[in-house]
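Take a look at the letters that make up each chain.
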Amino acid sequence: DAGVIQSPRHEVTEMGQEVTLRCKPISGHNSLFWYRQTMMRGLELLIYFNNNVPIDDSGMPEDRFSAKMPNASFSTLKIQPSEPRDSAVYFCASRPGTASSYNEQFFGPGTRLTVL
Amino acid sequence: QQQVKQSPQSLIVQKGGISIINCAYENTAFDYFPWYQQFPGKGPALLIAIRPDVSEKKEGRFTISFNKSAKQFSLHIMDSQPGDSATYFCAATGWTSGSRLTFGEGTQLTVNP
């Protein structure tokens, strides 16, 4: 099992540029989560999907952020335009749908985003 | 009401000692309390979890103690090892919160050899 795969692992961009982060969840998992981690705010849930449908996007900071999950094996988080305050580590996590492990989330290695 | 408060922010323990990290929650609808361990450059990984129908859960050197009436739970690491040095996050969730995890602020644990 390859685990949750995220790309790129590191991204450095300039303010105003579009940034796209990618995630491949664990096969068979039916929920996917995007988190942002910063020193100031810790781990924040941005959005989560269940069976490819966005369920809760209340954590998305503003309209510059958007997320999609076109199929069960792929999701993107896009920031357009990016700002220096978006600099953070972005994690993707997936969760199986079985009742016995409903709450176990498996995190990817993260994408470290730096916006200059 | 969705907050989870974690303390201490950082902890230094000698090898072989006991590490204790505490968390408190407000939402009485929470029914699942996991602890995640995060090493530098890695994503958080589930370490151990407890449901409120038991007061303690032990897995190897790691124990969760749960006090439902006080709405508090804690992680105890017995015989702490340098390899345990990491950041630990408590979390809480429940069906009424859509099973979204609410994380504590994190505790950076350093175990000195």
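The structure this text deals with has already been given above.
Summary of the structure given here. (Residues numbered from 1 in each chain as written. Chains lettered and ligands numbered in written order. Predicted model: local features only at pLDDT ≥ 70, side-chain atom pairs only at ≥ 80, totals over all residues. Heavy atoms only, no water.)

Overview of the pairing of strand S4 (residues 33–38) of chain B
Residues and elements named next belong to chain B.
- The element S4 is largely enclosed, with a buried count of six among its six residues.
- On S4, burial covers both faces: Phe33, Trp35 and Gln37 on one face and Pro34, Tyr36 and Gln38 on the other are all buried.
- Sheet topology note: the S4/strand S5 (residues 45–50) ladder contains five bridges and is antiparallel. Bridge pairing in S5 places Trp35 opposite Ile48.
- Hairpin connection of S4 to S5: six residues between the antiparallel strands, including Gly41 at a positive phi of 80 degrees.
- In terms of strand pairing, S4 meets strand S9 (residues 86–92) through four bridges, oriented antiparallel. Residue pairing in the sheet places Gln38 in a bridge with Thr87 of S9. (Buried < 20%, exposed > 50% of the residue type's maximum accessible area, 1.4 Å probe, protein only. Helix = DSSP H or I, 4+ residues; strand = E, 2+ residues; numbered from the N terminus. Pairing = 2+ DSSP bridges.)

Description of the sheet that holds strand S6 (residues 56–59) of chain B
Residue and element names in this part refer to chain B.
- Here five strands make up an open sheet; going across it, the order is S1-S3-S8-S7-S6 and the pairing antiparallel. Each of the sheet's edge strands pairs with one partner strand only, and the pair in question is strand S1 (4–7) and S6. Ignoring strand direction, the axes of neighbouring strands in this sheet form an average angle of 15 degrees.
- Strand direction decides the pairing type here: strand S3 (residues 19–25) and strand S8 (residues 72–77), joined by six bridges, are antiparallel. By the bridge assignment, Ala24 is partnered in S8 with Gln72. (Axes fitted to C-alpha atoms, helices over the stretch in contact; angles between N-to-C directions.)

Overview of the state of the cysteines
- By the definition in use, this model includes two disulfides over all chains.
- Each disulfide pairs two cysteine sulfurs, and for Cys23 of chain A the partner residue is Cys92 of chain A, the sulfurs being separated by 1.9 Å. In this structure the cystine formed by Cys23 of chain A and Cys92 of chain A twists about its S-S bond by roughly -65 degrees; its chirality is therefore left-handed. In this pair, Cys23 of chain A sits in strand S3 (residues 19–24) while Cys92 of chain A sits in strand S9 (residues 88–95), placing the two residues 69 residues apart along the sequence. Like Cys23 of chain A, the residue Cys92 of chain A is buried in the burial classification.
- Paired by a disulfide, Cys23 of chain B and Cys90 of chain B hold their sulfur atoms 1.9 Å apart. Here Cys23 of chain B and Cys90 of chain B share a disulfide; its torsion about the S-S bond, -95 degrees, makes the bridge left-handed. On the criterion of sequence distance, the pair formed by Cys23 of chain B in strand S3 and Cys90 of chain B in strand S9 is long-range, its members being 67 residues apart.
- With relative accessibility at 0%, the residue Cys90 of chain B sits in the buried group. (Disulfide = S-S within 2.5 Å.)

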